[in-house]
Amino acid sequence: MRADRFDYDLPRERIAEEAAPRGESRLMVVGEGVEHTEVSALPTLLRSGDLVVVNNTRVLPARLYSTRAATGGRVEILLVEKVGERTWKALLKPARRLRKGERLMLEPGLEGSLAEDPVDGRATLDLTRPAEEFLSRLGHVPLPPYIHRADNTHDRERYQTVYASELGAIAAPTAGLHFGDEDLEALRAAGVEIVEITLHVGIGTFR
């Protein structure tokens, strides 16, 4: 199948830079016809006994900004997968000139060193301290690549689902961002069962 058959023009101004308030996102209902409504209408569209499955993964503030010890150049780090107490698979940008052994400074006394030459922007990074000790302070929310703005403090919670509990994702399961607590309570009141799974979102979102 030719992938270019799925190409279409999406005007830049049609991509929202901020999320709509929970429950107010538009919802398209496809049945015998097509109906346009809002997410808050979902309890009226499902029936008692129906099942809704939600992903309770919680997003790490896994994006870090560092400087090269050798040159002072800026390098963005996205921690992708923990492989040791202080060791992570990471996505680095720009990575073209980075080499094994290079030191990336995060703050005085805190750095990472490359355990290998980057390949396609990816490499193993050895940190001087476990990431859990400083991510809440230094980490940034890894917004999707189609959002062209810096993250802010509001994103710390808005870029999480209201049922996020299991820390480990590097991106949010974005369909769940539309639901507020009131929407979930309305589903339960309508007799709809809600169950949770944990599926951490990985690097595929950023490719």
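Residues numbered from 1 in each chain as written. Predicted model: local features only at pLDDT ≥ 70, side-chain atom pairs only at ≥ 80, totals over all residues. Heavy atoms only, no water.

**Some thoughts on the side chain of Thr161**
And then number 1: The residue Thr161 is located in the loop between helix 3 (155-158) and strand 11 (166-169) in this model.
And then number 2: Note on Thr161: relative accessible area 4%, which makes it buried.
And then number 3: Filtering out sequence-adjacent residues up to four positions away, Thr161 remains in contact with Arg22, Asn55, Thr57, Pro173, Gly176 and Leu177. (Helix = DSSP H or I, 4+ residues; strand = E, 2+ residues; numbered from the N terminus. Buried < 20%, exposed > 50% of the residue type's maximum accessible area, 1.4 Å probe, protein only. Contact = heavy atoms within 4.5 Å.)

**A word on the pattern of salt bridges**
And then number 1: If you walk through the whole model with that rule in mind, you get 13 salt bridges.
And then number 2: Linking Asp4 and Arg2 is a salt bridge whose minimum nitrogen-to-oxygen distance equals 2.9 Å.
And then number 3: Judged by relative accessible area, Asp4 falls into the partly exposed class, the value being 40%.
And then number 4: Two residues, Glu133 and Arg129, come together in a salt bridge whose shortest N-O distance is 3.3 Å.
And then number 5: Taken together, the salt bridges that share partners define one network made up of Glu107, Arg129, Glu133 and Arg137. (Salt bridge = Lys/Arg side-chain N within 4 Å of Asp/Glu carboxyl O.)

**Section: the sheet that holds strand 5 (residues 63-68)**
And then number 1: Taken in spatial order, the six strands line up as 5-6-7-10-9-8 and close into a barrel, and their pairing is antiparallel. Averaged over all neighbouring strand pairs, the angle between strand axes comes to 45°, with direction disregarded.
And then number 2: In this sheet, strand 6 (residues 74-82) lies alongside strand 5 in antiparallel orientation, the contact comprising five bridges. Note on strand 6: the bridge partner recorded for Thr67 is Arg74. (Pairing = 2+ DSSP bridges. Axes fitted to C-alpha atoms, helices over the stretch in contact; angles between N-to-C directions.)

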